[in-house]
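Take a look at the letters that make up each chain.
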Amino acid sequence: MHGDERGGPLAWGDMAANMTSEDGSGGTKSRSAGFSGASERALWGIAAMALGIFVAIGLFRGVSQLATLETRINDQLRILIAPRAEAQDNRISIITLNEETLLQFPYRSPVDRGLLAELVTILTEAGARGVVLDVLFDQPSEPEKDAALIEAVRAFPGPVVAAWGNEEAGLIAAQADYLEAFADRAGIRTGFANVVVDDDGAVRGFRSVLPGVERRSMAAEMLFALEGREAMEGGLIDWRQPDTVGMTLFQQLSGIRLTDFAKNPAMLSRLKEWFGGRIVFVGADLEQRDRHQTSLSVDGRNARTIPGVFIQAAIFAQVWDGREVPNASDPLIYAVVGLLALVGVIIGLSRQNLAVKAAALVFVVGGYLTAVYVFADAGTLFLPVAPAVASIFTAFMVAISLDSFLTQRDERFIRVAFGHYLEPAMVNQLAEDPQALRLGGDRREMSFIFTDIAGFTTMSEELPPEELTRLLNDYFDGMSDIIISHGGAIDKFIGDAVVAHFGAPTPMKDHALRALQCAAELDRFGEAFRKRNAHLGLGVTRIGVHSGVATVGNFGGRARFDYTAMGDSVNTAARLESANKRYGTRVGVSQETAELAGAMAGSGDRLPLLQTIGQIMLKGKTRPVTVYTINNDADEEFVWAYEAAFSLLDINMGKARSALDELFRTNPTDPLLIWHLKRLEHGETGTMIGTG
């Protein structure tokens, strides 16, 4: 008769396997009620990692405010932390057309071409290598000044590049046509002066070719004119600020100052020193015209906007050198973000308390930010900051939320599944570490109890089902409570039999002592229960107790498993229970359990009275086993007297017979006295009393 047929409790391994959800459904949903395994947590971890990556990549690329945040952090790394140039770039100079310069002329626009002609002529005499005029020649001015500029440019020995524009840049057709004609007459090369403006209005990048018209930028055109090579396609502007406080990136001089210096013949040698062999940029430095916010604004010393001509000069220096800002590539960003998200998931799902998890997270984030700083300080690589930190924090927060959910679900499952089959402390321990119930097992030393009701099959056939169900439920409730109170675990119910073990799923140092004490209490309960139900014909409860090594763990498949112990030690407990029938005893205890219990007992522990049955050759054993019974019906004086008489069986049969007869006169119901006296009557001798 099985547990589910009799209406009583199921074996706790089976019950855990068949646990259903609150709606009572089984099948696939019942599996979800069980504790989370490594594969399930891994799947949740992958989901948390994916969310962390989405936040880092998707949001920081798709939401302009977040993208700007990362961009500004990158500005800080490149401007404030990255190494500066050792000195001012002596290959490039800038001549500014500022307010002081323009006040010398009757009109501000277009720029006085007589002044430009004079500047180009001065640069020719000073030995400049090339000139970039950040000026748009889109309309005529005074004819003689236009002619003077054309003549000066044609006389310049190196390339001259000027700003270019078309109708898409805001010019009308007549202006665009004039620009092309003027450049052709003067021999001026043209390039676009457009700058790349980010969503926050700052200029951080550049392009070398204008899409759609395939026109080079002024910097790219000058590079091609000088060396015949194309500039890099574009990228971030690499601001190489000088390390000296107050020094600008390039030599700067206002146009009016230069013309004043040139009027003094003694200054020619100085002008050659200033401009000889250099590329000279000429452009406006006006408060209300062609000024831009840049990455340099993160430095308090460069908080003001920067003239476009300064930006063009910086771009040219960069493409001339072929320098690229060592920002992390997209594949590297994805790898970093993914790795940190994975770390966040691992920390969040780890079975540590929140303080340890938080400390680990801070340690990892701190280590990563330190690496970011070290690489930036060396100028070798600028790693992502905001997306990387967002990925690990997002993945961590999602992971700890999932861990909390899974842990609470596991604890609810464990408490419900095993609350009636294990002591509360063991249930709590399993709830804290559900992986103790993973599939598979391990070998350990344990103690086992096997119980059975004599004559139960015959009695059950005569009782009505309702009466049988009530009887069994009351019996199992009492037996279960006793086992749990002693720290044991109910392995299974087989018909009217109870199988329990001590030392699993949590290790137990005193498993033999607990099993022995539990067996004594089970015997007392079984006898009391039998006497209360004697009118139903209920037989005695027989008990076997043994200690030894067994394999214990979850055995089965994914859909159904049973937490149980396997091995010869379990079988020995069952055979000891069965042997009681032959000797008239109720409890059979192996020598292994008796000796271990004695060794494990402390000064305050009371051992049950053990009475030696004899040496029995149990089935499957190659050597006889000394077996004891627990005598709850006698006092200590009787047991000691019995042991003294029993010891004579191997020494002097006559004296043994006399001692046993004397004990029998005062204890005529003791089953072992009856058994041994019958043996002696049949001529049997010694303490080896048979098989079991």
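Residues numbered from 1 in each chain as written. Predicted model: local features only at pLDDT ≥ 70, side-chain atom pairs only at ≥ 80, totals over all residues. Heavy atoms only, no water.

**Q** Describe helix H15 (residues 354-378), listing the residues and the values that go with them.
**A** The terminal C-alpha atoms of H15, which comprises 25 residues, lie 36 Å apart, in line with the 36 Å expected from a rise of 1.5 Å per residue. Those residues of H15 not exposed but buried are Lys357, Leu361, Val365, Tyr368, Val372 and Ala376. Two or three places before Ala355, at the opening of H15, Asn353 has a side-chain oxygen 3.1 Å from that residue's backbone nitrogen. (Helix = DSSP H or I, 4+ residues; strand = E, 2+ residues; numbered from the N terminus. Expected span 1.5 Å × (residues − 1). Buried < 20%, exposed > 50% of the residue type's maximum accessible area, 1.4 Å probe, protein only. Polar contact = N/O pair within 3.5 Å; in protein donor to acceptor, adjacent residues only side chain to side chain.)

**Q** Describe the packing of helix H7 (residues 113-126) against helix H8 (residues 143-155), listing the residues and the values that go with them.
**A** Viewed as axis vectors pointing N to C, H7 and H8 meet at an angle of 20°, and their least axial separation amounts to 8 Å. Between H7 and H8, the crossing angle belongs to the class labelled roughly parallel. In this structure, H7 meets H8 at a crossing whose hand is left-handed. Side by side, H7 and H8 meet where Arg113, Gly114, Leu116, Ala117, Val120, Thr121 and Thr124 of the first sit next to Lys145, Asp146, Ala148, Leu149, Ala152, Val153 and Ala155 of the second. Partitioned by chemical class, the residues of the contact of H7 with H8 number eight nonpolar, three polar and three charged. (Axes fitted to C-alpha atoms, helices over the stretch in contact; angles between N-to-C directions. Parallel < 35°, antiparallel > 145°, perpendicular 65-115°, else oblique. Left-handed = near helix turned anticlockwise from the far one by under 90°. Contact = heavy atoms within 4.5 Å. Nonpolar A, V, L, I, M, F, W, Y, C, P; charged D, E, K, R; others polar.)

**Q** Let's hear about the pattern of salt bridges: which residues, and what values?
**A** Counting across every chain of the model gives 36 salt bridges. In this structure, the salt-bridge partner of Arg323 is Asp238, at a minimum N-O distance of 2.8 Å. Remark: Asp238 occurs in the loop between strand S9 (234-236) and strand S10 (250-254) and Arg323 occurs in the loop between helix H13 (308-321) and helix H14 (330-349); sequence separation between them is 85 residues. Arg323 gets classed as buried once you look at its relative accessible area, which sits at 14%. Here Asp260 and Lys263 are joined by a salt bridge, their closest N and O atoms 3.9 Å apart. We classify Lys263 as exposed; its relative accessible area is 62%. Through salt bridges with shared partners, a single ionic network connects Arg72, Asp75, Arg78, Asp198, Asp200 and Arg204. (Salt bridge = Lys/Arg side-chain N within 4 Å of Asp/Glu carboxyl O.)

**Q** Tell me about the packing of helix H23 (residues 636-647) against helix H24 (residues 653-666), and name the residues and values.
**A** Taken N-terminus to C-terminus, the directions of H23 and H24 make an angle of 160°; their axes are 9 Å apart at the nearest point. By the criterion of interaxial angle, the relationship of H23 to H24 is roughly antiparallel. The chirality of how H23 crosses H24 is left-handed. Of the residues in H24, those in contact with Phe638, Ala641, Tyr642 and Ala645 of H23 are Ala656, Ala659, Leu660 and Leu663. A breakdown of the residues in the contact of H23 with H24 according to their chemical character gives eight nonpolar, no polar and no charged.

**Q** Hey, could you go over a nonpolar patch on the surface for me, with residue numbers and the actual values?
**A** On the surface, Leu339, Leu342 and Ile346 cluster together into a nonpolar patch covering about 280 Å² of accessible area. Relative to the helices and strands, Ile346 is located in helix H14. (Patch = residues over 30% accessible without salt bridge, like charges linked within 9 Å, V, L, I, M, F, W, Y side chains within 5 Å. Areas by Shrake-Rupley, 256 points an atom, 1.4 Å probe, with all protein chains shown as cover.)

**Q** Let's hear about the packing of aromatic side chains: which residues, and what values?
**A** Summed over the entire model, instances satisfying the criterion amount to 13 aromatic pairs. When the centroid spacing of 5.6 Å and the interplanar angle of 55° are considered together, the rings of Tyr475 and Phe529 count as tilted. Here Phe529 lies in helix H20 (residues 511-532) and Tyr475 lies in helix H19 (residues 465-485), a separation of 54 residues in the sequence. As far as the burial class goes, Tyr475 and Phe529 line up, both buried. The structure contains a cluster of three or more aromatic residues connected by ring pairs, namely Tyr475, Phe476, Phe493, Phe525 and Phe529. Directly above the ring of Trp320 sits Arg91, whose terminal nitrogen or CZ lies 4.8 Å from the centroid. Its guanidinium or amino end placed over the ring of Phe182, Arg113 lies 5.3 Å from that ring's centre, counting from NZ or CZ. (Phe/Tyr/Trp six-rings, centres within 6.5 Å; stacked < 30°, edge-to-face > 60°. Lys NZ or Arg CZ within 6 Å of the ring centre and 35° of its normal.)

**Q** Lay out the layout of surface pockets in plain terms, naming residues and giving numbers.
**A** Within this model, the largest pocket holds a volume of roughly 820 Å³. Along the wall of the largest pocket there are 33 residues; nearest its centre are Thr71, Asn74, Leu236, Asn327 and Ile333. Taken together, the elements giving at least two residues each to the lining of the largest pocket come down to helix H4 (38-62), helix H5 (64-81), strand S6 (202-207), S9 and H14. Sort the elements by how many residues they give to the lining of the largest pocket and H5 lands first, with six residues. Grouping the amino acids of the lining of the largest pocket by side-chain chemistry returns 15 nonpolar, 10 polar and eight charged. For the second largest pocket, the calculated volume is near 620 Å³. In this structure, the second largest pocket is lined by 28 residues; those nearest its centre are Asp134, Leu136, Ala163, Trp164 and Ala193. Counting residues per element, the lining of the second largest pocket draws most heavily on strand S2 (residues 130-136), at three residues. (1 Å grid on protein atoms, 1.4 Å probe; cavity = no way out; pocket = protein on both sides within 12 Å on 5 of 7 lines; lining within 4 Å. Points joined across faces, edges and corners; volume = space filled by probe spheres on them.)

**Q** Before we move on, can you summarise empty space enclosed by the protein with the specific residues and values?
**A** One pass over the structure, following the stated rule, counts one cavity of 30 Å³ or more. By volume, the largest cavity amounts to about 50 Å³. Every residue along the wall of the largest cavity is listed here: Phe192, Asn194, Val195, Val196, Gly205, Phe206, Arg207, Ser217, Ala219, Gln312 and Ile315. Every element with two or more residues in the lining of the largest cavity is listed here: S6 and H13. For the lining of the largest cavity, the element with the most residues is S6, which contributes three residues. Residue classes in the lining of the largest cavity are distributed as six nonpolar, four polar and one charged.

**Q** Could you give an account of the sheet that holds S2, with specific residues and numbers?
**A** Pairing in this open sheet of six strands is parallel, and the strands run S4-S3-S2-S11-S1-S10 from one edge to the other. With one partner strand each, in any of the chains shown, strand S4 (189-192) and S10 form the two edges of the open sheet. With strand direction ignored, the average angle separating the axes of adjacent strands in the sheet is 25°. As judged from the five bridges shared by strand S1 (residues 89-97) and S10, these two strands associate in the parallel manner. Each residue of the ladder has a partner; that of Ser93, found in S10, is Gln251. (Pairing = 2+ DSSP bridges.)

**Q** Kindly report on unusual backbone geometry, identifying the contributing residues and their values.
**A** A cis amide bond links Ser109 with the next residue in sequence, Pro110, at an omega value of -5°. In this structure, Pro110 sits in the loop between helix H6 (99-102) and H7. Residue Pro505 is bonded to the preceding Ala504 through a cis peptide linkage, with omega at 5°. Its location among the elements puts Pro505 in the loop between strand S16 (497-502) and H20.

**Q** Residues and numbers for the environment of Glu324, please.
**A** Its location among the elements puts Glu324 in the loop between H13 and H14. Measuring from C-alpha to C-alpha, the distance between Glu324 and Gly235 comes to 7.1 Å, with 89 residues separating the pair along the chain. The contacts of Glu324, once residues within four sequence positions are left out, are Met232 and Gln318.

**Q** So what's going on with the nonpolar core? Which residues, and what values?
**A** Within the largest apolar cluster, 39 residues are counted, with the highest numbers of intra-cluster contacts made by Ile449, Leu522 and Val545. It is H20 that provides the largest number of residues to this core, a total of 10 residues. Counting residues in hydrophobic clusters, the runner-up holds 36 residues, among them Ile95, Leu149, Leu253 and Trp274. (Core = buried A, V, L, I, M, F, W, Y, C linked by side-chain atoms within 4.5 Å.)

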